[in-house]
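Understanding the architecture of this molecule
So you can see what is in the structure, the chains are spelled out below.
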Amino acid sequence: MSKSRQELALYALEALKKAGADKAACKVTRSRKEEFNIEANNFSLLRTLFNDELYLKALIGGKKGVVSVNKLDKDSIDKAVDDCVTLAKSATPDEAEDIAEKAENKSFSRNIGGPDMASLFTRTKEFLEQSKDEFPKIIFESMASEFTASETTYVNSNGVEFNDECECYSYGPMFSAKDGEKSSSFNYTGSTLTRLDKPFMDIGLMRALLDESVRSLDTRMVDEKFVGKVIVAPTCGDMIWDTLLYSFLGDGSLIEGTSRWKDSLGEKVADSKLTMRLAPLNEGIVGGERFTPDGFEAQNTDLIRDGVLNSFALSLYGSKKVSKPRALCSSGALEIVAGDASLADMIKSVEKGILLGRFSGASPGASGDVSGVAKNSFLIENGAVTDAISETMVSFNVVDILQNILSISKERNEDGSSLLPWCLFDGITVSGK
Amino acid sequence: MLRDLLSEHKSSFKDYTELRAQVNTSSRVTLLAGNMVSNAQSSGGGVSARVYKGGTFGFASGAEYSAESVKNILTAATDNALFMDNHVKKGQPPLPTLTADNVGLKLKPGSEAPQSVLIDFANELDSIIEKKYKKLTSRTVVADYLGIEKMLVVSDGASSHSFQPRSTVYVFMSAETDDGIPIELFEPFSALGQFDTLYPDPKNLMESVDRLYEQLMHKREGVYSKAGLCKCIMHPDLAGILAHEAVGHTVEADLVLGGSVAAHNMGKQVASELVSMVDFAHTALGKPCPLPVYVDDEGVVAEDALLIEDGILKSYMHNRESARHFDVKPQGNARAFAFTDEPLIRMRNTAILPGKSKLEDMIASIDDGYYLVKTGNGQADTTGEFMFSVELGYEIKNGKLGKAIRETTISGVAFEMLKTVDMVSDDMLWSCSGFCGKKQYMTTAGGGPALRCEINIGGR
């Protein structure tokens, strides 16, 4: 069946309706990836992937079935449609199940002219050589640099149709420093790009993080326990921001009723310096979402605005289930609005504390209590960053700590996937061995 | 079941080549507080080829599985290998040829339970939990199935056909302390096999589910642990994740070459002499492993890898290329999760071996410490520094279990912490419910006995 993806999507949608679906949605994606791999500082592999995806959702009397397959021939589509309807018929009905209502149909194109593998190879090789010159003690345990392209069509039985074509480059090394038998903790970073016009070494925090790894070959244990100030680096953003997003603002904890913020919409939940948003349309985000899995056109969503809880991160289903407004986009592309402090001034303001570069800890439970090990982190003493630390634990409550934001930096790490500043918190427990 | 469209292409292999057809099928039903938030099936399959030339690989994969697409993918992988060889110029010789084996199916695909079986099971178990346990604020029941079928031919003559079905039930429970703080616990049940065979009746799980509720009620009354270094008993669940995260990853040969702590410890004492650790292929201590691997995705027949023996680091885990580098025999650790994935060095069934002590004697031997029972997740560094969450534990006071403790974290450096092990229980538990993440996902199993050791515990 050599049909366009729009024709395939509409064919599957009609088949779902004919098979008994009251409401239905269908998404067809064709994707390609070209990826260089590095292991232990050396090129190891060139990988080319072609894949297809057919995603089907059928609602029959409020009963839902979802099937995804990676074949787009007629027999595979027909079987997937049958399977999807069978699944829906055997499900439990739920009035909250729905699909997006009709809105303006749109097409988006973020193509960059296809892969330039010669340039990608050159940039990757240049990065390895620069690293060898500038940071000879760095070992790249693994690294991928890649080009990805995807073409997607979404249609639903309310008449919604979105088309999106998107291409981008990305790279992400995992590395540590090694000197004889001494080794630093591993660290990782990366960026998503639309152009290969700059050396990877000069993008984002790359050079700074490699330098930090080398400085972390010799560490010092914190030999006491104190409650104090911690500067959380953008590289450690998942410790707080992602946790808030997934554990307190999303469908799961709100449907369960376990989110500590379930009744806090419109209330102050953080210091007024904090504005946290999902920003897929921000120009610093590469390949951001253009339509949600529910079939709505994506818009930026302020979750916390000036410290006030402005929106949950609810899907259409979650929204109907808890009778609260849905988020205007689905996930990712996290932005913390920059503050007015310079990072240098933030460090100067700390008499004794930690610059937290990475956090190895468990996801917090519903209480929000978090504890874990400070990785790739440094002591701050008398307003200056001093020694790298090891075997040091930090603990705090991720909800309560938002009231203790002392400052947010002007500088942000903008890696194409998120826009995050440094943030100075007070009241975090730091304990050594 | 996959048809063999691969063998006919063997004659066109010029360099070291793997040609693999694969299909992963999964089903999942999730009930969140009684709401069926997930009722989904997926299937992803296709063909991939990997070609080695001069020290680098070319790889390609495509979703279509036909005689024509196999040929195209083989050509694309060969072109990628040539590109790399021309640009990188490592000048390495071809990979050594191994004894060629043909490993056939041990389990047959094609008898997956219909989705209605998972739905009925989840609904019934959820209904029992809702009616029986009155102090819950929420609950989640997940019924999950994953089947992986692979067919492989390799240029040195090896070939295989394998199928690994895994069925899992997850039960999550939430409650609140008297002062309104939410607390949670979960229990996974997972094993090799089809869902309807393993879980014919939800009532069969109730002994464990009852215990989970009881433990959650203990946790409601839990106290914060006292931060610092202390004497602990680690439940086998924690020993299993310790074996995997803190030790297993550091002895994967690609990570050794990437600078892991194990690089300088071969043949050295890295643990108490009570500690031995093995990455089992398919049979452990006379019984089938939870997730048996008979042949890997480089066509190497799987054997056990003895990693630590009586506290001495004995070997790493390898693929064909790293085995050549270290001049050892590969033992079948090169595994790929999806058809789009190239084989990486992965664990299979990794366990610390049981010892001679009785768990009750181990607990009785501690005056002031903790019995650490359940973990949520864990991470480890290539330095061997690790961190695990502790979702459930108990105080030990004067040799007896005391109050439960609230969620906390333990941390340490594996090769230092393992030297403090001075008692190892004579029993052993396996777990195979999770996924290991290392560029790709992978199904793995971890196991072990209870350990008495010193460890750094978080707290207030």
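Before reading further, recall that the structure is shown in the block above.
Residues numbered from 1 in each chain as written. Chains lettered and ligands numbered in written order. Predicted model: local features only at pLDDT ≥ 70, side-chain atom pairs only at ≥ 80, totals over all residues. Heavy atoms only, no water.

Observations regarding the pattern of salt bridges
Residues and elements named next belong to chain B.
- Per the stated rule, a full pass over the model turns up 64 salt bridges over all chains.
- With a shortest N-O distance of 2.9 Å, K219 and E407 are connected by a salt bridge. Pair noted here: K219 is in helix α4 (residues 206-220) and E407 is in the loop between β21 (400-405) and β22 (408-413), with a separation of 188 residues, a long-range link.
- Residue classification places K219 among the buried positions, given a relative accessible area of 0%. (Salt bridge = Lys/Arg side-chain N within 4 Å of Asp/Glu carboxyl O. Helix = DSSP H or I, 4+ residues; strand = E, 2+ residues; numbered from the N terminus. Buried < 20%, exposed > 50% of the residue type's maximum accessible area, 1.4 Å probe, protein only.)

Let's talk about the interface of chain A and chain B
- Taken together, the contacts link 69 residues of chain A with 78 residues of chain B.
- When chain A packs against chain B, close to 5,600 Å² is buried across both sides, 52% of that on carbon and sulfur atoms.
- Seen at the junction of chain A and chain B, the total is 7 salt bridges.
- Between A:K375 and B:E385 there is a salt bridge, and its shortest N-O distance comes to 3.0 Å.
- Counting across the interface, chain A meets chain B through 35 residue pairs in polar contact (both at pLDDT 80 or more).
- When its residues are assigned to classes, the side of chain A that touches chain B shows 23 nonpolar, 26 polar and 20 charged.
- Across 4 bridges, the pairing between strand β3 (residues 63-69) of chain A and strand β2 (residues 35-53) of chain B is parallel. From the neighbouring strand, A:V66 faces β2(B), where its bridge partner is B:A40. (Contact = heavy atoms within 4.5 Å. Buried area = accessible area lost by both parts, 1.4 Å probe. Polar contact = N/O pair within 3.5 Å; in protein donor to acceptor, adjacent residues only side chain to side chain. Nonpolar A, V, L, I, M, F, W, Y, C, P; charged D, E, K, R; others polar. Pairing = 2+ DSSP bridges.)

Topic: the environment of B:R324
All names here are of chain B.
- Tracing the sequence through the fold places R324 in helix α7 (residues 320-326).
- Spatially, the C-alpha atoms of R324 and L95 are 7.7 Å apart, while their sequence positions differ by 229 residues.
- Residues within four places of R324 in sequence aside, it is in contact with Y52, Q92, P93, P94, L95 and P96.

Some remarks on the side chain of B:Q22
Residues and elements named next belong to chain B.
- Residue position: Q22 is located in strand β1 (residues 16-32).
- A polar contact of 2.7 Å, which involves the side chain of Q22, links it to the backbone oxygen of F337.
- Not counting residues within four places of it along the chain, the set of residues in contact with Q22 comprises L2, G44, G45, G46, I148, E149, K150, A336, F337, A338 and F339.

Quick notes on a negative patch on the surface
- A cluster of acidic residues, A:D73, A:D75, B:E64 and B:E68, forms a negative patch on the protein surface.
- Relative to the helices and strands, B:E64 resides in the loop between β3 (56-62) and α1 (67-88). (Patch = residues over 30% accessible without salt bridge, like charges linked within 9 Å, V, L, I, M, F, W, Y side chains within 5 Å. Areas by Shrake-Rupley, 256 points an atom, 1.4 Å probe, with all protein chains shown as cover. Lys, Arg positive; Asp, Glu negative; His and termini not counted. Charge placed at Lys NZ, Arg CZ, Asp CG, Glu CD.)

A closer look at the sheet that holds strand β16 (residues 349-352) of chain B
Residue and element names in this part refer to chain B.
- With mixed pairing, the 6 strands of this open sheet are ordered in space as β13-β12-β9-β16-β27-β24. Two strands lie at the open edges of the sheet, namely β13 (312-313) and β24 (429-431), each paired on one side alone.
- In the packing of helix α5 (residues 236-248) onto the sheet, contacts are made with β9 (277-280), β12 (305-309), β16, β24 and β27 (445-448), and the angle to β27 comes to roughly 120 degrees. (Axes fitted to C-alpha atoms, helices over the stretch in contact; angles between N-to-C directions.)

As for the environment of A:E335
All names here are of chain A.
- With respect to the secondary-structure elements, E335 resides in strand β15 (residues 334-336).
- Taking relative accessible area as the criterion, E335 reaches 5% and is therefore assigned buried.
- Sequence separation between E335 and E129 is 206 residues; the distance between their C-alpha atoms is 33 Å.
- Look past the residues within four positions of E335 in its chain and what remains in contact with it is T275, M276, R277, A279, N282, R412 and L419.
- Separated by 3.5 Å, the side chains of E335 and N282 make a polar contact.

Re the pairing of β12(B)
Residues and elements named next belong to chain B.
- When β9 meets β12, the two strands line up antiparallel, connected through 3 bridges. Its bridge partner being in β12, M277 is matched across the sheet by I308.
- When β12 meets β13, the two strands line up antiparallel, connected through 2 bridges. The residue of β13 that forms the bridge with E309 is I312.
- What sits between β12 and β13 in their antiparallel hairpin is a turn of 2 residues, with D310 showing a positive phi close to 50 degrees.

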